[in-house]
Every structure is written in structure tokens, then in C-alpha cells.
Amino acid sequence: MTISSNRRHVFVTAVFLGLAVVASFLLTSNGHSALVLGLMTALFVIGVSVLRIPGLHTNHPVVARGALTVAALVATLIATYFLSATTNFNLATGAAMSIVLLGLSFLTGASGQISLGNSAFMGVGAFAMAIWANHHTTTPIVVSLLIAVIAGALVGLLLGLPATRLRGPYLAGMTLAFAVAFGAILASFNSWTGGDAGLQLPTAVTPPHWLTSLYQSGTSLLTTNTMWLADISIVATGVAFFFMGNLFASRTGRAMRLIRDNDVAAELVGVSLPRTRVIAFVISSAYAALGGALWTLINNSVSPSTYSFALSITILSLVVIGGIGTIPGALIGGLIYAYSSAVISWIVTQTGLKPQGNFASQMNGIIFGVLLIVVMLFAPMGISGAVLRAWRKRRSHLRG
Amino acid sequence: MDSFLTSRIVTDILSGLTNGVVYGLVALSLVLVWRSTRILNFAQGAMPMFATYLGMGLLSYHFGYWACVVISIAAGFAIGGVTERVLVRGLYGKPEINPIVVMVGFLIVLEAVAAAIWSTLPRGLPSPFSPIDWQIGGKPFAMSDFSVYEIVTALVVMTAVALLFRFTKLGLQLRAAALAPEVSRLLGVRVGRMLTLGWMLSTAVGTITTVLVASNFFTGLTPQVMDGIFAFGFIAAAVGGLDSPVGAIISGVVMGIILQFVGDFLNSNAIILVALAILIVSLMVRPNGIFTKSTARRV
Amino acid sequence: MGITRKRRLVTTSTAFMLSIGMITAGSSVLSAGAATKTPGVTKTQITIGATVPLTGIASSGYSDVAKAANAVFKYVNAKGGINGRKIRFVMKDDCYGTPGFGCTGNPSVVAQTHALLSIPVFATVGSLGTPTQDAVRSLLKANGVPQLFVNSGSRDWNNPGTYPGLFGWQTSYNEESKIFAQYIKATYPGASVCFLGQGDDFGADGLAGLIAGGVTPSDTQLYSVSALVASGGTSVAPYVAKFQSDKCAVTVLDTIPGATDAVLGAALQMGYTTHWIISSVGSDPVTVNLPFVGKPFPDPEIGAVSFSYLPASTSSSPWNAWMTKVLKTDHADFPNFTSTSPITGNMAYGIGWGVAFVEALKVAGKNFTRASFLKTLTTKTFSQTPSLVPLVYTRSNHQGLNGGYLTKIISATQTQPINGKIYVTDSTSTGPVVPAKKLSTGIPAWLK
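Remember, it's a predicted structure, so these values are computed and weren't measured experimentally. Note on numbering: residues in each chain are counted from 1, in written sequence order. By the order in which they are written, chains take letters starting at A while ligands take numbers starting at 1. Per-residue local features of the predicted model are confined to residues with pLDDT of at least 70, and side-chain atom pairs are confined, for both listing and counting, to 80 or more; whole-chain, interface and lining totals are unaffected and use all residues.

### Some details on the packing of helix α7 (residues 169-179) of chain B against helix α9 (residues 191-214) of chain B
Residue and element names in this part refer to chain B. It is at 9 Å that the axes of α7 and α9 come closest, and there the two elements cross at 105°. Here α9 runs roughly perpendicular to α7, going by the angle between their axes. Residues Gln173, Leu174 and Ala177 of α7 touch α9, and the partners they reach there are Val191, Met194, Leu195, Leu197 and Gly198. Per-class residue counts for the contact of α7 with α9 are 6 nonpolar, 2 polar and no charged. Every axis corresponds to a line fitted to the C-alpha atoms, with the helix fit spanning only the stretch in contact, and the corresponding angles, defined between N-to-C directions, vary from 0 to 180 degrees. A run of H or I in DSSP becomes a helix once it reaches four residues, and a run of E becomes a strand once it reaches two; helices and strands are each numbered from the N terminus. With respect to orientation, any angle under 35 degrees is reported as roughly parallel, any angle over 145 as roughly antiparallel, any angle of 65 to 115 as roughly perpendicular, and every other angle as oblique. Contacts here follow a simple rule: the backbone-placed C-beta atoms of the two residues must lie within 7 Å. In the scheme used here, Gly and all other residues not listed as nonpolar or charged are polar, with Ala, Val, Leu, Ile, Met, Phe, Trp, Tyr, Cys and Pro taken as nonpolar and Asp, Glu, Lys and Arg as charged.

### Structural notes on the interface of chain B and chain C
Facing 37 residues of chain B, the contacting portion of chain C comprises 34 residues. Of all the secondary-structure elements, those providing two or more residues to the side of chain B that touches chain C are α5 (97-118), β1 (133-136), β2 (139-144), α10 (227-240), α11 (245-265) and α12 (268-285) of chain B. Split into classes, the residues belonging to the side of chain B that touches chain C amount to 19 nonpolar, 13 polar and 5 charged.

### Describing the confidence of the model for chain A
Chain-level pLDDT for chain A is 84 on average; 95% of the residues reach the 70-or-more range. Averaged pLDDT values for the elements of chain A fall to 71 in helix α13 (residues 263-268) of chain A and rise to 94 in helix α6 (residues 118-135) of chain A. Each residue carries a pLDDT value, the predictor's own confidence for that position, ranging from 0 to 100.

### Things to note about the confidence of the model for chain C
Put simply, chain C has an average pLDDT of 88, and 89% of its residues get 70 or more. This stretch, residues 19-35 of chain C, has a pLDDT under 50; its non-local contacts, to residues over four places away or in other chains, come to 15 contacts.

### Re the domain arrangement of chain C
All names here are of chain C. For the domains described, the bounds stem from an automatic or database domain assignment. Its domain assignment divides chain C into domain 1 (45-171 + 313-401) and domain 2 (173-308). Look at where the C-alpha atoms of domain 1 and domain 2 centre, and you get two points 27 Å apart. With 12 residues of domain 1 at the interface, the matching set in domain 2 holds 13 residues. Looking at the side of domain 1 that touches domain 2, the elements that each hand over two or more residues are α2 (59-78) and α12 (345-364). Residue classes in the side of domain 1 that touches domain 2 are distributed as 2 nonpolar, 9 polar and 1 charged.

### Quick word on the environment of Ile321 of chain A
Residue and element names in this part refer to chain A. Among the secondary structure elements, Ile321 is positioned in helix α15 (residues 309-322). The spatial distance from the C-alpha of Ile321 to the C-alpha of Val205 is 33 Å, given a sequence separation of 116 residues. Ignoring any residue separated from it by four or fewer positions in sequence, one finds Ile321 in contact with Gly333, Ile336, Leu371, Leu372, Val375, Gly382 and Ile383.

### Describing the environment of Ala204 of chain C
Residue and element names in this part refer to chain C. Tracing the chain through its elements places Ala204 in helix α6 (residues 201-212). By C-beta crowding, Ala204 is classed as partly exposed, having 19 other C-beta atoms within 10 Å. As for Ala204 and Asp254, which are separated by 50 residues in sequence, their C-alpha atoms are 9.2 Å apart. With C-beta atoms placed from the backbone, a residue is buried if 20 or more other C-beta atoms are within 10 Å of its own, exposed if 12 or fewer are, and partly exposed between those counts.

Here it is, written out as C-alpha cells:
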């Protein structure tokens, strides 16, 4: 990279930064909003600019990932301001789900362990969040999310330790039993978990003043609240994905992939099997707990029936359809979760079936199940895998 | 003697036995599929459920109960065979997660289609034998004509399967096809056909189980009728060892009895908790199941 | 080479995301539309919604409730609507919040409620379930959307101080049990009473009502719905065995139909005989009889005592013929309903609050707001609905109906009033059970 192209890079970045700041002040009505928007767009420009530094990805991959995360996050956060409350709600729910999917994708795709218990780990995080909030109302959100994550990690440790020696179907069986038994575990601690009715958060999560001032006065509480929830969810997702990206590429990630492919060879080269397995398990359960805690925030309540075994099946299905073991796969899965029922209701109206009839109400299940089977039989690497394969084919065509 | 027979302990043992043979049969079906094709069949409850709906649907066309049972079992054979041919064929040799996901998808589809066609309203099936408990000295004894029929049917099925595998040429072929497919092929065994037969047998056993379960009058026949029982059967199979048919049956029966005591002396919540505890403890001691002889792994 | 590709990928993907954001922003701004004076209400239509279990384990029977209300709305629409407005009723499936395999991929009740709010709806009317409706109380309140006629007998809906837009409809579990207690004291004085209730407020409120009414059970058991489902119904058998060794003369059940089936089945199996008293929630003869069809013994529910606030199918109430007419006309929701089909308790229930809503709408007038509609509810007495006691709300009481009569199940499809006396009470522990002074009058002429 010559000195003049370096200088050109900095110059272009500075120009864009200036443009962004000016545009923010012009487009917004008060100083507060200008500041926020200006800061966001500045971050975006810097993020993209950093990414364009040649050699960054090879020399400083963590920085590259960070810049990508920041840029993507900022773009999405700005978007949430314009979206309707329902869209933000779906976005928030889907983002939280993609965190869970990422954890499972890592466990299964990267380290080859099948877990059917993620619904229970989600529940651990969800209830930890609600129980803590009900007893300590002033804890900041970030701290209570962390507490939920730690709770999930601890339970993951508890379950992961006996799981180290288990193979394939036996691990599946144990995690299945845990997921099925989770409801009974919750019911045994009725006084803490609120029984069948579950728990409500003592106070609804409200946005800070600088966010509400971005809106015109008179905007409904629902709009501002859901935007704030979506923002929290998206930031958490960005952080979670950033860490996972680094973990994937690290020594631990490589060790896990080695175990998945050939555990005996892994042991021969000195990888500690039990330890690495447990780490993978703990991480996956911590991620699931984070997703569950976010759901509690978003719904302002937690209900035991949500975290049943069938949710584990949904999670597994989404991971598979999105693409096992890939980061974009988890994002795709989250999107599908947020919008599948809207798409399916549209399909139902197109087919002209009676909306309240037997067939229409089962359409969700029929489409989901068929999709699972078809994807697994014909495109086992999921949507992201199929896209990657097509892209690679195009690349080799272009080369050849 | 009378008060002993009607005592709480004996009542629990007998009721637990009746539940336990059902778990044992489910576990047996899972083991049959695992041993023959090394696949964990998550739709082990849903496929027989569908076959039962098909067969029992003919009741409204004035077919007799036993005719419908036979037709259900035949449907079970057919569904098992078709599933193996169409869905499972492409999954041999693939990573472990693939067949699990496909069978889960199949489970969802079967339950959804059954609910779409026949709705989720429970359907009562005729009781071929009286489900009223016998009375001994004016007190109920935890056995009825129907529960005897359940236990006898289970024993007959288990024995038939054992005899088939041990003493018939077909059974030998089935075992050979599972253990050493290439060699068996060379020796003239139609391996593909044996694999299909393994699935057919497993689904047929499952259908007999589902007919038994649905004929009781606690819930009747619904698309979800086998969901809970599948979970317990799966746990029993994992505890006993997926390679051991005998282990599956024993662990199913023992689990049924233990859980009956738990439900009676503790509460209904504790049932699944104890099942989970049993599973964790047994897998920690014997990670491949209690009754599996340890096999060397190829590296 | 790779770096340029990566750069391109990053730029294109962020540009893509931004444009998605803008497009969605644009479309959502467009579709939001101008805020109408009263959301969900136009000159010619009023839109209401409900989250109900259309699929899943709780849907057996319950899915008929909202459909029956929808039949009422369609009937009224065919007559020109109310004050020139037709009623559009949007039902969203929430699977009763229990996403079993029958509900894979189904959105949560909160998500479905959000979907209703985005239509928008004037109010939610007839959403079903205690835990599900508890979960959305604060969401609906935050958006100023009335939550009307919640299908549940919990006392949670009677909280006007915190939730001014929240209204129940049916007689509460507590009130029903107090009336049961009075019957038990009169008919089986000094008898031993056993109680099996659901392990949530259904069982808790029911038990409290029994005790408040002067009957304290000697054996109380609570069952969990999830354990019941997982065990295929056998999880209640030990409770029945306990009752049998207690030799209870009277057994009170606060159970949903699936649990009622399991209990009656276990009792039949063990030869446990007792006088059954079953909550209206779980006693509908047609629903309860389903697993016993084709069995070589009579329906075990026959002879049981239950409770109702709607006309018995055997009574000569003019509402019965009217309900048959309404259900027969709605071919979409009830395709196989004929003049001789039984009207199940679930159908009558839905028609009950469907008519109540329609009457409230009529009284509210041509121009109304959410606030004025709620005021109508709390100031007017609705005495021309199918329920035998009038529907009365006050500013401090949003519970709904406060009484009913005792019934006996006489066949697999029919109930009959026991003494024809209609009682009212309240949900306090001291309020007495007294004969109802005011009763409902017949069908209003404009509805016939």
C-alpha cells in the first residue's frame, strides 16, 4: 500500500465522516437527536473504513470482525427507529433466537455434540432474569442479562460434566430428558417460579430519556418501548456473534472442530476431550440463557409452558434450516423464526383454505416439518450452506 | 393374603408393571431400528399413531374392532417400509444429526397431518376386554382383564421378536445385514430388504403398543397420544442400552414400576424428575447403556 | 484478490441491510396510516380480535368457543350489523401458550397479541386462558387497548384500579365453588368431601370458594397439566386411589375436560364410587364423553352435578332455538351442524359473550370511543343475553356474571337443572349465596 493510497483512504473517510455529521444535523429537529444520529453514522463510516484497510483481515482478524460487527449493528439500530412496533418486536424476538441458534450451531456443528436441551437452558436464563428482577428491581439491564448468562453457564456445567463421556444418541437422550423434565423442575420451585402462571417483570423496561427524545412528542409508549427492546436485543446479538466469531477462529475452536471430526486423533495430539467438550456445552448453554433472558425482557413476563421440549425441536429445526455450524446460518434461522408464521398465514390465504379449519391451523406444522425433511435430505448444510456452495461454484467457474 | 394383594405396594407394582410393559415395547421398537440401521427414530411414536388412525378410522364403517387392529398393524408395516425406502435410505453413512432431524421433521408432519384430517379431539376406541379392576374381598386389585391382555400381548410380542431373531433364518439375515452388510451381501443376503424389514417390524410393534395405549380410557386416541410415552420409552432404551433388546424391555418394566411408586408416594411432578435422575446416574456409570457389552471402536 | 472480495461483500451486505431498513421503514410508515379517532373502528366496520387455542392440547373443545361467538357476529352482520357497522372478528392461534408438537412454529401469545394490535383492533374480546391473558395484560394496557370478556374464571380480571380496560365475563371459579358448597351442605350434610384441583389459580380459587362457602375438604390434591399430558392421563390415578381409601362421599373436581376424563376413568377402573361435583369448566358432557365412546359401559359422568349460567340444552329457553339457528347458518365454522346437533357447553359459552358484546355495541351508539364504550359497560345492565343472570359491571367490579344454577349430567350429551333455582354471590369469603333477584329476560327483538 503506497503512501498516497493511505492518505487517500484517510481523506475519503474524513469526507464521509463530515458528510454524515452534517446530514445528521440537517435531518433532525433537535440537538439531542442530531448528536445520536451523528454518532451512529460516524461509527458506521469508521467501521466500514476500517474494514477497507488492506491486509486487516489477515493481520488483525479480531479488529476486522469488530469493525464488521459495529457497522452492521449501527445500520440495524438506525433502522429500528423507522420500523413499526410489531416489526421491532419480531426483530427483537428473532435476534434473541439467533443467539440461541448460534450457541447450538457451535455445539453441534463445531464440536459434533447433539443437544436437545436448549429450550431448558433458555428457560434457565429466562427465569433467572425474572426472579432476579423481582427481588432486585434496580439492577441495570446489562447486569441482569449477565446474571442470566452465568446461571445458564452454571447449569450447562452441571449437565455438561456427566455428558462428556456420552456419544451421539445417549447425549441426545440425556438432553432430551432434561428438556422434558424442565417443566417439572420449575414446578418443584413453585414459590420462586410462580407455578403455571409464571412471573411478570415488576416494571416494564422503558427507554432512557435520550432515546425517547428522538421521537416526536405524543408517540405511543409501545413504539418507543419496542424500539428500545429491539435495540437491546440487537446489541446483545452483535456482542454474542462477535465473541463467537473469535472463538471459532481461536485455538479452542479449532480443537473443537478436530474433536468433531475425529476424537481419537484429537486426543492423540493432546486435546483434552472432556475439558473441550464441557467448554462447548457451557458456551452453548450460556448463549441459550442469554436468548431466554432477552425473551423475558421483550415479553415483560416469563411462562413455563414456553420452554417446553417442543421449543428445543424448533431450535434444532431452525439451526438445520439456517445452516449448521455457520454464523450466517444462525442469523437466517432467527429471521425465519420471526417471520415464518406471517409467511405461512399468507400461504394459507393463498391456498383458499378456511382460516379456522383443521388444515389451515395445522399448516404451520406441516410446512415446518416438510421443510426440515427436505432441507436435511437435499441440502444438509442449510440455506447458508447452499448459498456458500453456489457462490463457490460461481467462483470456480469464473476462475476456470 | 387379601389385604396384601390389595395393599398399596402391590397395587403400585402391578400398575407400574402395566405401564412398564408399554415403555418396554416402545424401547424395544427403538432398539430394533437402532440395531438394524443405526438410526434413532424420533417418529417412533408418531408413525404407529398414524397407522392406528388409519386402521381405527374404519370403525365408523362398521368394521369390527379386531379387524381394525389387524389393519392398523398392516398399515404400520406399510408405513415403516415406505419410510425406510423413501426417507431413510439416503441417510445411511451421513452424520448422526441428519437422521435425527429428518425423523423429527417426520414426527411434526405426521402429527400435523393427523390433526388436520381427524382433528385433535380425542376418540374413544372400544375396549376388547373389561378395564374394570378385579375386586378381591371388596377392595380393588390392580389388575383387570384389559391389563392382563396388555401384559400378555407385550410378552407375546417380545417373545415373537426374540424367537424371530434367534431361531429363524430371517432373523439371522436381519442380524447379519445390520452387523456386516458387505459380507452378508456377498453371501446372498438382500441387505436392503433386510433394512426395510427392520423398520417394518419396529413400526408394527409400535402400532400394537399404540393400539393398547389408545384403547385405554384415560385419554383416547389423539395425535399426541404417544408423545409422553415415547419420552419415557426413549429414556428406558438409553438406560438399557440401544443395542440390547432384552435391556430395553427390562429397563422399561423396572422404570415403569419405580415411577409408579414415585407418583404415588411423592407427587406427579417427581415422576419425570426421577426418570431424569435414573438416566443421568446410569449413563454416568455405563455411558453406553447398562446391558450393552462394550464394543471396541474402530479408529 | 480475497481482500477486494471481502470488501465488496461487506459493502454490499451493509448497503443491502440499509436498504432493507429503508424499505421496511418506508412501508411501515406508509401502512401505519393516519391515526383514526378510534382505532379499529370505521363508519362501516369494527375490528376486534382474540387469541384463542385453535390447535394444541387445550384446543379440544375450546376452539369452538370463539367460533361460536364468530357465528353470532356473522348472524348480526347478515342483518346489517350494529348501528350500521359490521363486526370483523380476527382469531389468532396461541396454542394456549403450550407449544407442544401440535404447535411447532406457532408464535407466542405475546407475538399474536402484537399482531392483533398492528391491524389495529378496537379491543380484544374473548381471548382465552389465565396464564396467556395474564402475560399480555400490561402490553394491552400500555397501548390503551381494552381487554374484554376474558374467557377464564380467574379473579385476575377484576382489577379495575390497575387495569381499567380489563374485563372478565364468566362466573368466577370462586363464586361457582361457593354455590357448590351450599349444595353440598344442603344435600350431603356432614359428608366427607375430597377435592382435586388444577395446580394454578383454577384449583386455588375453587378451593378457597368451597371453604368460604363452609365446606372444608378432608383431602385436597392438586394436579399439574403438564404431568397429566406427559403420562397420558395416568398421573391422576394415585390421587383417585387416595380418595378411594378415604372413602369420600363427595368428590369435587376443578379440572379441565382432559383431567375430568382421566379422573372418571381411573375411578371407573378402581371401582371408586362417590358423588361427583365437577366445575363448569370441565364438565361439558359431549367433550368429556369423547374417550368413552364405544366402550361397553355407560358414560361415567352421568349423575354428576355441575354448574352453569347458560340455558340447559334440555330447557325450553328460546335461546336454544336461536343458538341452533345461528350455528346452523355459519357453515364455515360449523360445517356439520344440523337442527339436531347438540349445542355443547363451549358453543353456548361463546354465544353467551358474543351476544353480550353485540348488545354493548348497540347501546354504545353510533359514535363511541374506547373510553365511552368502557363507560357503557360499567353503567348498563345487560339482561337480554343468553346467561340466566344479568351481566353487570361496575366501576369497582369487572368480574362479570356472578351466579348460575346447578345442573345434573343426565346423558352423554345433556344436562338438566337440578332444582331450577338460580343463585348469585360474590368472590369475597363472607358474601352469602342467595337466590338471584333479577333474572335475564328473553331475546331482544332486534336480535331474533
